[in-house]
Amino acid sequence: VAPVIPADLAGITAKHPCYSVEAHRKFARMHLPVAPVCNISCNYCNRKYDCVNESRPGVTSEVLTPETSLAKFIRVKQEIPHLSVVGIAGPGDALANWKVVKRSIELIKDQAADTIFCLSTNGLLLPRYGRDIIALGIKHVTVTVNCLEPAIGAKIYHHIYYQGRYYAGEKAAERLLHNQLEGIKLLTDHGILVKINIVMIKDINDGHIPEVVKKVKSLGALMTNIMPLIPAPGSVFQNFPQTSRREVDVMRDLCQTDLFQMRHCQQCRADAIGLLTEDRSHQFRNPRPEPAP
Ligand code: CLF
Ligand code: SF4
């Protein structure tokens, strides 16, 4: 099953290295690590690392402001002309840091209107900010949906902070899952191309993933990206087994009869830069100050 891209978004999506297999060898993406705060607590996350919903456990990225984001974008664009996408994927949640994320996007858009912007989120605040995302002209959004049932969610999420309140256990999962599904529908109803990331965790959600895929398909999602759990040291799941490549492939094969499966994800860092297959973020970190005259 191939993803069905509406004609008006086919051109830009053909240049998006995550949404298009062909594009990932030709076009680069740049992540802006402008989102340090997170509003939920996933059991596979260790806050010393970037958001695991979209990254492999690594050393936390530097955090940028809107102004330093613009300066970094200009530097990267000069060095990497085939840069097509600016994405926000942490180190926390894009929507839990919405003001900074929005300002960063606006500043870059003013300089380079042809940039494709892309967001990754846990989805808790999608009902609140979905309309702002649409108004900002963002067409590509990734939501991590690991399950549909609060009983399973309570094993994956420790707690959430929502509208000034702390929720734990099934109550937390129920609110999160509800907002994720409502948010996905809001976005797809407005033509946003929604990709769903799913972290495959053995004996927790693995048997349930085909149902998740069917559900997000019914809400209009374009594709799912089933990713292996990589147990992060210091996380609740640190001693869980890493999901093998083979197990993930078997699940993707099973689910592809329903929905297109992304198979080239590199689980990149929140400050990744370059082609998906060659991260050049180290080249652009902490620029050396100009030598004194
Ligand atoms: Fe970044 Fe994510 Fe946008 Fe891509 S990454 S915000 S959709 S521009 Fe891509 Fe990296 Fe996999 Fe993400 S390979 S972790 S899927
Ligand atoms: Fe960590 Fe990302 Fe989950 Fe937040 S959404 S707790 S940053 S994995």
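Everything quoted here is computed from the prediction, not taken from an experiment.

Quick notes on the rules
Residues numbered from 1 in each chain as written. Chains lettered and ligands numbered in written order. Predicted model: local features only at pLDDT ≥ 70, side-chain atom pairs only at ≥ 80, totals over all residues. Near = placed C-beta within 6 Å. Helix = DSSP H or I, 4+ residues; strand = E, 2+ residues; numbered from the N terminus. Nonpolar A, V, L, I, M, F, W, Y, C, P; charged D, E, K, R; others polar. Expected span 1.5 Å × (residues − 1). Contact = placed C-beta atoms within 7 Å. Pairing = 2+ DSSP bridges. Axes fitted to C-alpha atoms, helices over the stretch in contact; angles between N-to-C directions. Buried ≥ 20, exposed ≤ 12 C-beta atoms within 10 Å, placed from the backbone.

Student: So what's going on with the site of ligand 1? Residues and values would help.
Tutor: The environment of ligand 1 is formed by 16 residues, the closest being C18, G87, C118, C265 and C268. Taken together, the elements giving at least two residues each to the shell around ligand 1 come down to β1 (28-31), β3 (83-88) and β4 (116-121). The residue makeup of the shell around ligand 1, split by class, is 7 nonpolar, 7 polar and 2 charged.

Student: Give a detailed account of helix α2 (residues 66-79), specifying residues and quantitative values.
Tutor: Relative to the 20 Å expected for 14 residues at 1.5 Å per residue, α2 spans 20 Å between its end C-alpha atoms, a close match to the ideal helical length. Each element contacted by the buried residues of α2 is listed here: β1, β3, α3 (98-111) and β11 (273-274).

Student: How would you summarise the sheet that holds strand β7 (residues 165-168) if you had to cite specific residues and measurements?
Tutor: The strand order β2-β6-β7 describes an open sheet built from 3 strands, whose pairing is antiparallel. In this open sheet, the two strands that pair with only one neighbour each are β2 (40-42) and β7. Across this sheet, the average inter-strand angle for adjacent strands is 15 degrees, counted without regard to direction. Inspection of the sheet shows β2 paired to strand β6 (residues 157-162) by 3 bridges, in the antiparallel sense. Looking across to β6, one finds that S41 is bridged to H159. Sitting on the sheet, helix α6 (residues 169-189) touches β2, β6 and β7, and the angle it makes with β6 is about 60 degrees.

Student: I'd like to hear about the sheet that holds strand β10 (residues 260-261), residue by residue, with values.
Tutor: The 8 strands are arranged β10-β9-β8-β5-β4-β3-β1-β11 in an open sheet whose pairing can be described as mixed. Every interior strand has two partners, whereas the edge strands, β10 and β11, have only one. Strand direction decides the pairing type here: β4 and strand β5 (residues 140-144), joined by 4 bridges, are parallel. When the sheet's bridge partners are listed, C118 is paired in β5 with H140. Across the face of the sheet, α6 comes into contact with β5 and β8 (193-200) while running at roughly 165 degrees to β5.

Student: With reference to specific residues and values, describe the pairing of β1.
Tutor: The side-chain alternation of β1 yields two buried faces, one formed by A28 and M30 and the other by R29 and H31. Pairing geometry for β1 and β3, over 4 bridges, is parallel. By the bridge assignment for β3, M30 is matched with V86. In this sheet, β11 lies alongside β1 in antiparallel orientation, the contact comprising 2 bridges. Looking at the pairing, M30 lines up with I273 of β11.

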